[in-house]
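Topology and contacts: notes
Each chain, written out:
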Amino acid sequence: MNKIVSFMLCSLCCWSYAQKIDLYFPHFAGKTYDFIIFQGDKQQTLVQGTIPEDGKFTLSIPKEYAPYTGMSRWLITNSKEGGGLDMLIPGKDFSVSCQEAMPSEKNIIYQGNTQNQQLNELYKQQQDIFARHDAMLQATRSYPKTDKSYPAFQQEYETQKKDYKMFQASLGKDPDYAKALIRIINATQGIGTELFDNESQKADNIARYIASEMDPEVLYTSGYWTNVISAWVGMHTQVLQDPYRFVEDFSRLSSKITDKKKYTDFVGRTTHYLNEQGKDQYIAGITPWVLSSGKMTHYEGSLAVYLKGAVGSQAPDLVFTKHIGNPGDHNHETTTLKSSELAGNEYQKTLLIFYESGCGPCENLLQQLPGNYELLQKQGIRIVSVSADKEVAVFKSKSDHFPWKKDAFCDYEGIKGTNFMHYAVAGTPTMFLLDKTGKIILRTASLQEVLAQR
């Protein structure tokens, strides 16, 4: 396990003006630096400067961010060796100094701050438990159960698991930032509030902690915003694999985020990772919560999925424009396929497929579809595909072999084409199952989910 941070500063400010951190580092005179704070997945550079000859200078947090509670970073920028400090700032002014050429935990002096020392002490306490736990785990795996020492190893192993659980419980009782930060960093490393050998139990424990116990405000300024959301989504989609559980956890976690900007950022990150994995069923599950939250500041980019192409909404009409005549002419012909008429009299439903030639998951889907084409036909489903290909030859080389080739379309505009935008398709493959009237009843990347529909 990597060391959390070598040195962490804390600062608090009750003023309505800038928050200040006074530094004295004489051996760094002449070095340039950046001062950064964390806001979700963004790093805001607040100050850039040069350390004066006497080594005394001040880092300021502008009033629009003050009082700031969270992590920050002071970085030396004009040295091959680098250097600087990761800084925990819990909301008030303070000072930090080091008169040695090589700063260390022992020679950095803080005034008006106690949390840096507390953080390091808590980290060491946790590391000691891990060391004893890992030693006993190794012993139980190295010695046969018939060995006379095995019961002692097993008992000590269980003792360390209990000690860790108690240690985590003590962190959870206090809203202190440093204690909350340790638990957040643990989550990014696959460590929950209890120690388990089973991966499913680990994922369940960490997911419960993130949804029920973690403070989103601490996460937002921790520098681990993206890491935790990515890990949380991955645990649900790859290990727990329960869309209903995910919706419950999303509701529980998102309800604790009251700031609209932070809420939109959280939904955006979550949606991004779900899109990456083609988990449209999970997006469909949280859509009602997102739309009814009243906390979204916009629905741009990947967030458009919550307004366009959402389950329960009327599917947009498909629009295809093709050039007519010579290349220099500006004549075009537009064809519109109304979503309400796609099924027609012959079918009960329409499976609308958005794909791109050469996309690995798309190729896999396109290999499965011909073998299931007759089954889909028997279920009264018409297949209509829309390609993100930009070249006629590429599109034709694939679509000419489709059993539904008469219903294969391409506007050669790529993934940013009109139809992809109207359906908020950010990744391929994406499929929409429409009822006879053109209402969306399923959005997915899985053919199995389509076949399971009745």
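How each quantity is defined
Residues numbered from 1 in each chain as written. Predicted model: local features only at pLDDT ≥ 70, side-chain atom pairs only at ≥ 80, totals over all residues. Heavy atoms only, no water. Helix = DSSP H or I, 4+ residues; strand = E, 2+ residues; numbered from the N terminus. Expected span 1.5 Å × (residues − 1). Buried < 20%, exposed > 50% of the residue type's maximum accessible area, 1.4 Å probe, protein only. Contact = heavy atoms within 4.5 Å. Pairing = 2+ DSSP bridges. Right-handed = clockwise from strand over helix to strand, strands pointing away. Axes fitted to C-alpha atoms, helices over the stretch in contact; angles between N-to-C directions.

Because the α-helix completes a turn every 3.6 residues, residues three or four places apart line up on one side. Spanning 15 residues, helix α4 (residues 199–213) covers 20 Å between terminal C-alpha atoms, matching the ideal 21 Å at 1.5 Å per step. Regarding α4, the residues found buried are Ala203, Asn205, Ile206, Ala207, Tyr209, Ile210 and Ala211. In this structure, the buried side of α4 is in contact with α3 (177–188), α6 (225–240) and α7 (243–254).

On to the pairing of strand β12 (residues 381–387), then. Across the seven residues that make up β12, a large majority, seven, are buried. The two faces of β12 match: Ile381, Ile383, Ser385 and Ser387 on one face and Arg382, Val384 and Val386 on the other face are all buried. Both strand β11 (residues 349–355) and β12 contribute to a ladder of seven bridges, which runs parallel. When the sheet's bridge partners are listed, Leu352 is paired in β12 with Val384. For the crossover from β11 across helix α10 (residues 360–378) to β12, the handedness is right-handed. Note: β12 against strand β13 (residues 408–410), three bridges, orientation parallel. Along β13, the bridge assignment pairs Ser387 with Cys410. What joins β12 to β13 is helix α11 (residues 392–399), and the crossover it makes is right-handed.

Spatial ordering of the open sheet is given by β4-β1-β7-β8, a layout of four strands whose pairing is mixed. Whereas interior strands pair on both sides, the edge strands pair on one side only; in this sheet they are β4 (56–61) and β8 (109–111). The mean angle between the axes of side-by-side strands here comes to 20 degrees, regardless of whether they run parallel or antiparallel. In this sheet, β4 lies alongside strand β1 (residues 19–24) in antiparallel orientation, the contact comprising six bridges. Note on β4: the bridge partner recorded for Tyr24 is Lys56.

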